[in-house]
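Inside the fold
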Amino acid sequence: MLSVLAVAPYAIGLLAFAFIFFIGYPYVEYLRDPKGLRKYPNLHPISGFSAIPFMLMALRGFRSRELAELHKKHPVIRTGPNMLSYGDVRAIKDIYGHNTKCTKDSSYLITSGSHFNLADVVDKPDHARKRKVLSSAYALKNLESWEYKVTDKVQRMFKHFDEVCTMAPKEDVASGRVAPDQKDLTLDLRAWNNFFTLDAIADIGLSEKLGFLDQGNDMCTAERKDGSIYTTSLRNALYPTARKQSYILWNYDWYPALNKMVNVIPYFNEMQKAGDNWENIMWRRGNERLRRYEAGEKLDDFFQALMEDKNGIPNNLEWGEVVAECNIMMNAGSVTTAVAITNVMYQLLRNPRTLAKLREELDNVLDEDEYVADYDTIKHLPYLRACLDESMSAYVAHRDEGVFPNADQYIPERWLGEEGKSLQPYLIAFSAGARSCIGRNISYLEQTKAVASMVHRYEFALAYPGWELKREETMNLILKDMPVKIWRRNMEKIE
Ligand code: HEM
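Counting from 1, residues in each chain are numbered in the order their sequence is written. Only residues with pLDDT of at least 70 are given local features in this predicted model, and only at 80 or more are side-chain atom pairs given and counted; all residues enter the totals for whole chains, interfaces and linings. Here the side-chain values reflect all heavy atoms present in the structure, with hydrogen atoms and water set aside.

To qualify as a helix, a DSSP run of H or I must reach at least 4 residues; to qualify as a strand, a run of E must reach at least 2; elements of each kind are numbered from the N terminus. From N to C terminus, the chain includes 21 helices and nine strands. Only C-alpha atoms enter the radius of gyration; for comparison, a globular chain is expected to reach 2.2 Å times N to the power 0.38, where N is the number of residues. Since a compact globule built from 495 residues should have a radius of gyration of about 23 Å, the 25 Å found for the chain is in line with a globular shape. Summarising its shape, the C-alpha atoms of the chain cover approximately 90 × 60 × 50 Å along the three principal directions. Each residue's exposure class comes from its accessible area (1.4 Å probe, protein chains only) as a fraction of the maximum for that residue type: buried when under 20%, exposed when over 50%, partly exposed otherwise. Out of the 495 residues in the chain, the part that is buried amounts to 51%. Intrachain contacts of the chain at a sequence separation of at least 6 include 69% that bridge at least 24 residues. In these tables, accessible area is a Shrake-Rupley quantity obtained with a 1.4 Å probe, and a residue counts as shielded only by the protein chains included in the view. About 24,800 Å² of surface is accessible on the chain, with carbon and sulfur atoms providing 55% of the total. Between two residues, a contact is recorded if the distance between any of their heavy atoms is within 4.5 Å.

Across the sheet, which stays open at both edges, the three strands sit in the order β3-β9-β6 with antiparallel pairing between neighbours. Of all the strands in the sheet, just β3 (187-188) and β6 (458-462) have a single pairing partner and so form its edges. For two strands to pair, DSSP has to find at least two bridges joining them. As paired strands, β6 and strand β9 (residues 483-488) are joined by five bridges and run antiparallel to one another. Looking at the pairing, F460 lines up with I486 of β9.

As annotated in UniProt, the feature "transmembrane region" (unreviewed entry) corresponds to residues 7-28 and 43-62 in the numbering used here. As annotated, residues 7-28 comprises 100% helix and 0% strand, and the C-alpha atoms at either end are separated by 30 Å. Annotated as 40% helix and 0% strand, the span residues 43-62 places its first and last C-alpha atoms 15 Å apart. UniProt positions are given in the numbering used here, feature names are shortened, and annotations may be inferred rather than shown by experiment.

In this section: the side chain of H398. Structurally, H398 is set in the loop between α19 (382-391) and α20 (417-423). Residue H398 is classed as buried on the basis of its relative accessible area, which comes to 8%. We define a polar contact as two N or O atoms separated by no more than 3.5 Å, with the added condition that, inside protein, one atom must be a possible hydrogen donor and the other a possible acceptor, whereas residues neighbouring each other in sequence contribute only through side-chain atom pairs. Polar contacts involving the side chain of H398 include one to the main-chain carbonyl oxygen of Y426, which spans 3.1 Å. Contacts of H398, omitting those with residues within four sequence positions, involve M392, S393, F404, A407, Y426, L427, I428 and A429.

The subject of this paragraph is the UniProt feature "binding site: heme" (unreviewed entry) in the chain. UniProt annotation of "binding site: heme" (unreviewed entry) refers to C437 when read in the numbering used here. Relative to the elements of secondary structure, C437 occurs in the loop between α20 and α21 (440-457).

Quick look at the site of the ligand now. The cutoff for a nearby residue is simple: one of its non-hydrogen atoms must lie within 4 Å of the molecule or strand. Taken together, 25 residues surround the ligand, and among them K104, Y108, H127, R131 and C437 come closest. With respect to the ligand, the side chain of K104 contributes an N or O atom lying 2.8 Å from an oxygen atom. Between the ligand and R435 there is a distance of 2.9 Å, counted from an oxygen atom to a side-chain nitrogen or oxygen. Classes in brief: Ala, Val, Leu, Ile, Met, Phe, Trp, Tyr, Cys and Pro nonpolar; Asp, Glu, Lys and Arg charged; the others, Gly included, polar. Its residues assigned to classes, the shell around the ligand comprises 13 nonpolar, nine polar and three charged.

What follows is about the packing of aromatic side chains. Geometry of aromatic contacts follows a simple scheme: Phe, Tyr and Trp rings, the Trp one being its six-membered ring, pair when their centres are within 6.5 Å, and the pair is stacked under 30 degrees between planes, edge-to-face over 60, tilted otherwise. Applying the stated rule across the entire model yields 23 aromatic pairs. Ring centres 4.8 Å apart and planes at 85 degrees place the aromatic pair F22 and W254 in the edge-to-face group. Remark: W254 occurs in the loop between α11 (234-248) and α12 (255-261) and F22 occurs in helix α1 (residues 2-32); sequence separation between them is 232 residues. By relative accessible area, which is 15% here, W254 ends up buried. The interplanar angle of 85 degrees and the centroid separation of 5.1 Å between the aromatic rings of F158 and Y458 together place this pair among those described as edge-to-face. Here F158 is found in helix α8 (residues 147-164), whereas its partner Y458 is found in strand β6, with 300 residues between them in sequence. The pair F158 / Y458 is uniform in exposure class, with both members buried. Through a chain of ring-to-ring contacts, the aromatic side chains of F158, F161, Y371, Y458 and F460 assemble into a single cluster. When the ring centre of Y444 is taken as origin, the NZ or CZ atom of R385, which lies over that ring, is 3.5 Å away. One cation-aromatic arrangement involves R399 over Y395; the distance from NZ or CZ to the ring centre is 3.6 Å. Lysine NZ or arginine CZ positioned within 6 Å of the ring centre and within 35 degrees of the ring normal marks a charge as sitting over the ring.

Position of L423 among the secondary structure elements: in helix α20. Sequence separation of L423 and F404 is 19 residues, and the distance between their C-alpha atoms is 8.6 Å. Beyond its immediate chain neighbours, meaning those up to four positions away, L423 contacts V403, F404, R414 and W415.

And the structure:
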């Protein structure tokens, strides 16, 4: 009894502190309204002083879809004490335009590692310094000279595709109206697109042959700071990190503490371990590449451009910064493009007439037996580019019906001609302005070559009529498995 009485004042103090910190102070700020945000409709009655409703939305797994629905009524929605969501494409220029007063959000600061990378650095002058160093690494000139690395990866992917090819079906399963035999679903296209983009970016960036396409899985070495080595799955390390952040990030004051506290829950603890694995995977990649650099190998890759400028003058970046840049390159440079290629293939398989139109365009420029399409031959094909752009969704902005009518339908034609050109400022999938995607050209190179070559060489069928690709929103809109039947196209039919 005595001990209960002794701790009671502490418990009351703690409760009072919690009340003031979590409810009292945010509510006073809400009433004070220093930023004039109270005029916007709230996501939830308490969103003006609490991010909890948004966090619950994130936990449901597809916050952008829910927001897109809400934006049909309200162009701007207050999603948290300090957060607004915009659903009107006219906001793009104000937010991302070159003269914007907006900076990147402080969430990037609290999730960054020991050194900022190009994507999470918030300070504008520091970003400009980094972007200058990195733009030579990401320059178009390098890009074209790295095409052979992408060609090599498409070839390796096709080696596997050829092995798992099934018999051409008697029924018209490619139309999507007839289900293929389930035993013929020999390929998870989503996984292989991811092996492709991972192998490609590791080669482009670090001259490393990860070998995922050869081994058919994503097991790779990781290195702890104590130098010990182990083997782990790259995707299982990369994806849960973003998943954990997407659940708990949204109140930035709480995040650092919450990020540790939730680890007592096994589900979150597993995600934390995955995050550590990802750090160790990248530590290994950086160290391996550094050893080659120090041994005097002059390799034609992104790492070389990070270490020295084109005249061989050292950039003298701290080692932590170099690893941070490699980290974002492997992360942003693989997940996104794999999602994009999978999305475009999915949309094409659901829309046989669109696929036929794309094939016609490709067959006009590619030889019958062309194995991997040459970038020069296909890079300006308008329908191919339209098919890619139409599948790249920035979910909310691209559902602004005023600019993208029938946004839920796959209509590549909207990107063609003069009308299509006028849509380009609203293509926000790569963001825009000073903080837009620096890897856009690399991504188009990979997407264009992979999609054109796949569509030209193979036929695919989804698992059954009406089969739908499942999506999960973490920090990206990632995809679940995409099992398909695959068979070689009958080129003799081509006139
Ligand atoms: C379909 C493929 C891709 C999409 C949709 C995409 C999308 C984006 C978006 C939306 C941003 C802005 C992110 C933000 O504001 O936080 C961004 C930035 C960035 N992306 Fe990409 N990306 C793609 C491919 C790539 C590739 C292939 C690489 C690298 C090889 C890459 C590297 C980066 C980097 C380093 C930034 C930060 C740029 C800066 O802040 O200056 N991305 N990307």
